[in-house]
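A structural walkthrough
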Protein chains: 2
Amino acid sequence: MALIVQKYGGTSVANPERIRKVAERVARFRAQGHDLVVVVSAMSGETDKLIKLAREVQPVPDPRELDVLVSTGEQATIALLSMALIQMGIPARSYTGAQVRILTDGAHTKARILSIDEQRMRTDLSAGRVVVVAGFQGVTEQGDITTLGRGGSDTTGVALAAALGADECQIYTDVDGVYTTDPRIVPEARRLDTITFEEMLEMASLGSKVLQIRSVEFAGKYKVKLRVLSSFEDKNDGTLITFEDNPSMEQPIISGIAFNRDEAKLSLLGVPDRPGIAFSILDPVGQAHVDVDMIIQNIGVDGSTDFSFTVHRNEYQKTLDLLNNTIKPQCGAREVRGDNHICKVSLVGVGMRSHAGVASLMFKTLFEEGINIQMISTSEIKISVVIDEKYMELAVRALHKAFGLDGATSPTKG
Amino acid sequence: MALIVQKYGGTSVANPERIRKVAERVARFRAQGHDLVVVVSAMSGETDKLIKLAREVQPVPDPRELDVLVSTGEQATIALLSMALIQMGIPARSYTGAQVRILTDGAHTKARILSIDEQRMRTDLSAGRVVVVAGFQGVTEQGDITTLGRGGSDTTGVALAAALGADECQIYTDVDGVYTTDPRIVPEARRLDTITFEEMLEMASLGSKVLQIRSVEFAGKYKVKLRVLSSFEDKNDGTLITFEDNPSMEQPIISGIAFNRDEAKLSLLGVPDRPGIAFSILDPVGQAHVDVDMIIQNIGVDGSTDFSFTVHRNEYQKTLDLLNNTIKPQCGAREVRGDNHICKVSLVGVGMRSHAGVASLMFKTLFEEGINIQMISTSEIKISVVIDEKYMELAVRALHKAFGLDGATSPTKG
C-alpha cells in the first residue's frame, strides 16, 4: 500500500486507445492496493497545434492568453483519462492546475511552482478515487492560468509527489529507462537499473532527453524517489534515480555517455593576456542574449593567449559576426576562428570521483581511433570533449566499449 | 458611452480570420467610447469533435468529466480573441466561466447560473480593458467546471449583461435579426426591427432558432435589452427585443409565423369520458420521459371522447407502442391512431390580443388553399395548427401574405 504519482507524456495519451492502456495500468496498480495520483500531458501534437493557431492570430502571442489557450490541451486529457477509468469501474476525478491549486508565480509560459494545496487530492484519495491532474499548468494568486514551459508535466508530477509525500514518482515515457548512451548510436547500450541524481542531471543537460532537467532538480531538492519507465511495455522496472552518493563496489566508474551536436565553437586567437579579458569578451556575448556553454582559456604565452567557447549552433553566425565586428577590435585579438561542425561527447559517473585515470583512458581511446580532441572541460562527475562531429558515433561507440558499458541485455524501445 | 455585452456564436469565431473580424467590430464599438464585455462560443465544430472523442473513450461520458473536456472549446476561443484584440493594440483579458466566477448549480451538462461575481470584470473595464468571457460554462461552489447545455453561450451573455447592468446585450449570429418567418420558405419574409419578449419566446420555442429560449427568458426576467444582429455584415441594427407591451398603431397584428416538422401526433379514440382520464393517459407518457407539446381533448359525446397530443418525432414509435400496449388497455380506449407526417404552423403576435378575427382569417386562408386542419391550439399571443407536413411551405407562404407580412425589404443572410 503506497502512494504513487504516475506521469504520462503526450505519446502515452495520443489517442483514445492509448488512454485506455494508461487506464489499464492505473487499474493494475490500484488493484495492488496503491493510492494513485496521475499526471498527464496534452495528447501529442495538440500543444503544437494550439501554438500554431495562436500565431495565426497574433504572430507573437500574448503570454497570458497563450497560457489560457495551451492549457486546454492537458485539460482535455485529464477528462478523457478520468472517463476511461470510470468506464472501467474505477472512481476517478480530474483536476486542472487551477483546481488542485498548483500555485505559481506570474511568469507566463515559464512559471515556477510556489506551492500546492494537496487537501483536495487527499480527500479524493481517502474516498478511494484516482486523482487525475493536468500537468504543465498552474494558477497565480490572482487566478490567472499559467504554464510551466516545455516538459513542465514532469515537474508537475515531481511537485505533486513532493507535496503529497508520495512513495514514488513514476515518469512513463516512450523509452523504458535511462541508457548508458543512445541505443540508436550504440546498439550495445544498456538500460541502467539505477542512476544518481547528479549523474542524471549531467546526462539530461547533455542531451539525453529522457527527463526534463527541471523536474530532476526538483526531485533532488525535495528528495522525491523518481523512476523512469516505458508506458508501452511492462518488461522491467525502468530506471530508478537514487540519492545514493557512495557508489557500491559493483558500481561502474562511468554510468553513461552523453553527446550532442547542437553546439558551435568560437575562438579568439592572440588575445592580450591581461586581467578582465574574459569579461570583455563574454559580456558583449551575454548582452546579445547568447548563452555560452563551455569556456576554455589556456595559460598565456608571451603576453598573449587563446580564448574559446561554445554556443548553441543556432547562434553561431550571430556570435561570429559579433566577434569579428565588435569584440576583436575592442580587445585587440589577432584572429577570430569558428567551427559549427563540432560535437560534444561526455562521460558521466559519480564513480569518477574515486577513480583516477578516467580522463587518460578517455583520451587514449579517442587517440587510438585517430580522433583529435579540440576542447576539454571537466567537472567532478563528468568529462566533456569537443571533437569533429563526423567522429561522434565512432567516439561514443569506442568509449562505450572501453569503459565496459557494453552489456548482455539488449535495449528495448517502445 | 454605454456598457455593451456582445456574444458571438461558433460560426462567428470559426477560424483565425473570423476571429479577427470579431476583434475589428469590438474595436469599432470601443472607438465610439463604449465599454465592452465579449462572450464567445467554441469555434464551430469544436464541441461536437470533443463529444465524439469522449464517446470513443466512454460511450456514455461521465457528466462531470464531459464538462471538463467540452469547456476547453470556449477557453481556446477566449484566448484567441484576446490575442486578436491585443494584436490590434486593444488591451483585453480573457476569463473562463470559473475565473469570472459564473456560479452554477451542480447539474453537469445542463447547469443553471446562480450568481456572477462581476467585480473582476469591473476592475478590467475601469482599466480600459475589453473583457472576453467564455460562454456556456460556469463553476460550482466546490470548484467543479460545469456547462450550461447547448446554446448556453446566449444565456451567459444575457446573465453577464444582467449582472453588470449593461445597457444592451447584442447577440451576433449568422442571420441579421428575427424575421417574420423563415426566408428560405418565404422569400418575402421581412426582418423585424423590434419584437416583444413574449413574441420572441413563442417564436423561439416554435422553431425559429435565432436565440436560445432560455436566454430570452433570462433577459425577460432581468429586463435585459437584447438585440440580435449579423456577425457577417453591419447593414442594419438587427432586431431589438423589447418590453413594449402595448403595440403602437403601426404594429401589425401578427409579428411572425413559426413552424416546425419535429412533431408527431397521437390519438386515442373512444376513451371513456370520466374524470382523471387525461392524467391516466399522460402520466405513463411522462414516466417514459416523453415530453408532450400540444394536448387536445374535445367535449365528450355519448360518454366517450377523443384525446390527442403531439410529441417529438423521435419519440413517436416509443409513444405509439406505449399507447397500444399499456395505455389503451388500461383506460379502455377503442382505438389508437398516430401520424408522424404532420407539421405545426403558428401565428405569433401581441397585436392578436386586441384584434378579433385572427383565427378566422387563418382558418379561411388555409381553407382556400385546400389545407385540412387536424389540431388547433391557442394562447393569448399565438394560434397553432397541426396540418399535413406536405402543406407546410404552402401554408406559411399563404399566411405570410394574408396577414400583410410580405415586405419591400428583401431579407439578407450572412
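Scope of this entry: the structure provided in the associated data block. Residues take numbers from 1 onward in each chain, read along the sequence in its written order. Numbering of ligands from 1 and lettering of chains from A proceed in the order in which they are written. In view of the model being predicted, local features appear only for residues whose pLDDT reaches at least 70, and side-chain atom pairs are presented and counted only at 80 or more, with totals across whole chains, interfaces and linings using the full set of residues.

1. Section: the overall build of chain A
Think of it this way: any DSSP run of H or I at least four residues long counts as a helix, any run of E at least two long counts as a strand, and we number them from the N terminus. Along chain A, the regular secondary structure elements total 12 helices and 20 strands. Relative to a compact globule of 414 residues, whose C-alpha radius of gyration would be 22 Å, chain A shows 24 Å and is just as compact. In terms of its C-alpha atoms, chain A occupies a principal-axis envelope of roughly 75 × 55 × 30 Å. Each residue is classified by how many other C-beta atoms fall within 10 Å of its C-beta atom, where C-beta atoms are placed from the backbone; a count of 20 or more means buried, 12 or fewer means exposed, and values in between mean partly exposed. A buried classification covers 48% of the 414 residues belonging to chain A. Residue pairs are scored as contacts if the distance between their C-beta atoms, which are placed from the backbone, is within 7 Å. Contacts in chain A between residues far apart in sequence, at least 24 positions, make up 76% of those at least 6 positions apart. It is over C-alpha atoms that the radius of gyration is taken, and the globule rule equals 2.2 Å times the number of residues to the power 0.38.

2. What about the interface of chain A and chain B?
Between chain A and chain B, the contact holds 26 residues from the first and 26 residues from the second. Listed by contribution, the elements that provide at least two residues to the side of chain A that touches chain B are α1 (16-31), α2 (46-57), α3 (63-70) and α4 (72-87) of chain A. Looking at the side of chain A that touches chain B, its residues break down into 15 nonpolar, eight polar and three charged. Nonpolar residues are Ala, Val, Leu, Ile, Met, Phe, Trp, Tyr, Cys and Pro. Charged residues are Asp, Glu, Lys and Arg, and all others, Gly as well, are polar.

3. Notes on the sheet that holds strand β19 (residues 375-379) of chain A
All names here are of chain A. Spatial strand order, β13-β18-β20-β19: four strands in an open sheet with antiparallel pairing. Among the strands making up the open sheet, the edge pair consists of β13 (256-260) and β19. Neighbour-to-neighbour, the strand axes of the sheet open up by a mean angle of 20°, direction not taken into account. Note: β19 against strand β20 (residues 382-388), five bridges, orientation antiparallel. Strand pairing is assigned whenever DSSP detects at least two bridges linking the two strands. Lines fitted to C-alpha atoms define the axes here, with helix axes fitted over just the stretch in contact, and angles between the N-to-C directions of these axes take values from 0 to 180 degrees.

4. Quick word on the environment of Asp293 of chain A
Residue and element names in this part refer to chain A. Positionally, Asp293 belongs in strand β15 (residues 292-297). What makes Asp293 partly exposed here is the crowd of 19 C-beta atoms within 10 Å. Not counting chain neighbours up to four residues away, the residues in contact with Asp293 comprise Glu263, Thr310 and Val311.

5. Topic: the relation of the copies chain A and chain B
Rotating chain A by 180° and translating it 0.1 Å along the rotation axis places it on chain B, where the RMSD comes to 0.2 Å. Seen this way, the second copy is the image of the first under a two-fold rotation axis. Closest approach to the rotation axis among the C-alpha atoms of chain A is made by Thr72 of chain A, whose C-alpha sits 2.5 Å away. Most of the interface of chain A is mirrored in chain B, where 100% of its interface residues again form contacts. Only residues with pLDDT of at least 70 in both copies count here: their C-alpha atoms drive the least-squares fit that superposes the copies.

6. Let's talk about the pairing of β15 of chain A
Residue and element names in this part refer to chain A. Both β15 and strand β16 (residues 304-312) contribute to a ladder of four bridges, which runs antiparallel. Bridge assignment links Ile295 to a residue of β16, and that residue is Phe309. Between β15 and β16, which follow one another and run antiparallel, lie six residues, and Asp302 among them has a positive phi close to 55°.

7. Description of helix α9 (residues 277-287) of chain A
All names here are of chain A. Looking at α9, one finds that the buried residues are Ile277, Ile281 and Val285. In an axial view of α9, the angular spread of the buried residues amounts to 50°, which keeps them on one side of the axis. Along α9, the residues that are exposed and aim more than 90 degrees away from the buried face are Phe279, Asp283, Gly286 and Gln287. Tucked into the core, α9 has its buried residues touching β14 (263-272), β15, β16 and α10 (316-331). Downstream of α9 by one or two residues, His289 has phi in the positive range, about 60°. The directions from the helix axis to the C-beta atoms form the arc being described.

8. A closer look at the environment of Gly220 of chain B
Residues and elements named next belong to chain B. Here Gly220 lies in helix α8 (residues 213-222). By the C-beta count within 10 Å, which is 18 here, Gly220 ends up partly exposed. Each C-alpha atom, one on Gly220 and one on Thr242, is 9.1 Å from the other, the two residues being 22 residues apart in sequence.

9. Section: the sheet that holds strand β17 (residues 335-339) of chain B
Residues and elements named next belong to chain B. Ordered in space as β15-β16-β14-β17, the four strands form an open sheet in which the pairing is antiparallel. Bordering the open sheet on either side are β15 (292-297) and β17, each of which pairs with just one other strand. Looking at each pair of strands side by side, their axes are set apart by 15° on average, direction ignored. By the bridge criterion, five bridges tie strand β14 (residues 263-272) to β17 in an arrangement that is antiparallel. Directly across from Leu266, in β17, lies its bridge partner Gly338. Strands β14, β16 (304-312) and β17 of the sheet are contacted by helix α10 (residues 316-331), whose axis makes an angle of about 10° with β14.

10. Looking at the nonpolar core
Counting 238 residues, the largest nonpolar core has Leu80 and Leu81 of chain A together with Leu80 and Leu81 of chain B as the members making the most contacts within it. Ignoring sequence-local partners within four residues, the contact set of Leu81 of chain A consists of Val13, Ile19, Val22, Ala23, Val38, Val40 and Val132 of chain A. Remark: nonpolar core denotes a set of buried Ala, Val, Leu, Ile, Met, Phe, Trp, Tyr and Cys residues whose joining runs through C-beta atoms within 7 Å.

11. Digging into the packing of α1 of chain A against α4 of chain A
All names here are of chain A. One can describe the packing of α1 onto α4 by two numbers: an axis separation of 9 Å at closest approach and a directional angle of 55°. With respect to their mutual orientation, α1 and α4 come out oblique. Note that α1 runs across α4; the crossing there is right-handed. Here α1 contributes Ile19, Arg20, Val22, Ala23 and Val26 to the contact with α4, which in turn contributes Leu80, Leu81, Ala84 and Leu85. For classification, angles of less than 35 degrees are called roughly parallel, those exceeding 145 degrees roughly antiparallel, those between 65 and 115 degrees roughly perpendicular, and all remaining angles oblique. Two helices cross in a left-handed way if the nearer one is turned anticlockwise from the farther one by less than a right angle. They cross in a right-handed way if the turn is clockwise.

12. Let's talk about the packing of α3 of chain A against helix α4 (residues 72-87) of chain B
Contact geometry of α3 of chain A with α4 of chain B gives a least axis separation of 8 Å together with a crossing angle of 160°. As judged from the angle between their axes, α3 of chain A and α4 of chain B are roughly antiparallel. Crossing hand, α3 of chain A versus α4 of chain B: left-handed. Across from Glu65, Val68 and Leu69 of chain A in α3 of chain A, the residues of α4 of chain B making contact are Gln75, Ala76, Ile78, Ala79, Leu80, Ser82 and Met83 of chain B. Counted by class, the contact of α3 of chain A with α4 of chain B contains seven nonpolar, two polar and one charged residues.

13. Some remarks on unusual backbone geometry
All names here are of chain A. The phi dihedral of Thr109 falls on the positive side, at around 70°, and the residue is not glycine. Residue position: Thr109 is located in the loop between β4 (102-104) and β5 (113-116). Taking the number of C-beta atoms within 10 Å as the measure of exposure, Thr109 has 16 and is therefore partly exposed.

14. A look at α10 of chain A
Residue and element names in this part refer to chain A. One axis fitted to the seven residues ending at a residue, another fitted to the seven starting there: the angle between these axes is the bend at that residue. Its maximal kink placed at Leu323, α10 deviates by approximately 45°. Those residues of α10 that fall on the buried side of the exposure criterion are Thr319, Leu322, Leu323 and Ile327. Buried residues in α10 make contact with β14, α9, β16 and β17 (335-339). Looking one or two places after α10, you find Gly332, whose phi comes out positive at around 70°.

15. Description of the pairing of strand β18 (residues 342-348) of chain A
Residue and element names in this part refer to chain A. By the criterion of burial, β18 is predominantly enclosed, with seven of the seven residues buried. Covered by surrounding structure in β18 are Ile342, Lys344, Ser346 and Val348 together with Cys343, Val345 and Leu347, the residues of both alternating faces. Two strands pair when backbone bridges link them, and β13 and β18 are joined in this way by five bridges, in the antiparallel orientation. Paired with Phe259 across the strands is Val345, a residue of β18. In this sheet, β20 lies alongside β18 in antiparallel orientation, the contact comprising seven bridges. Opposite Cys343, over in β20, you have Ile387 as the bridge partner.

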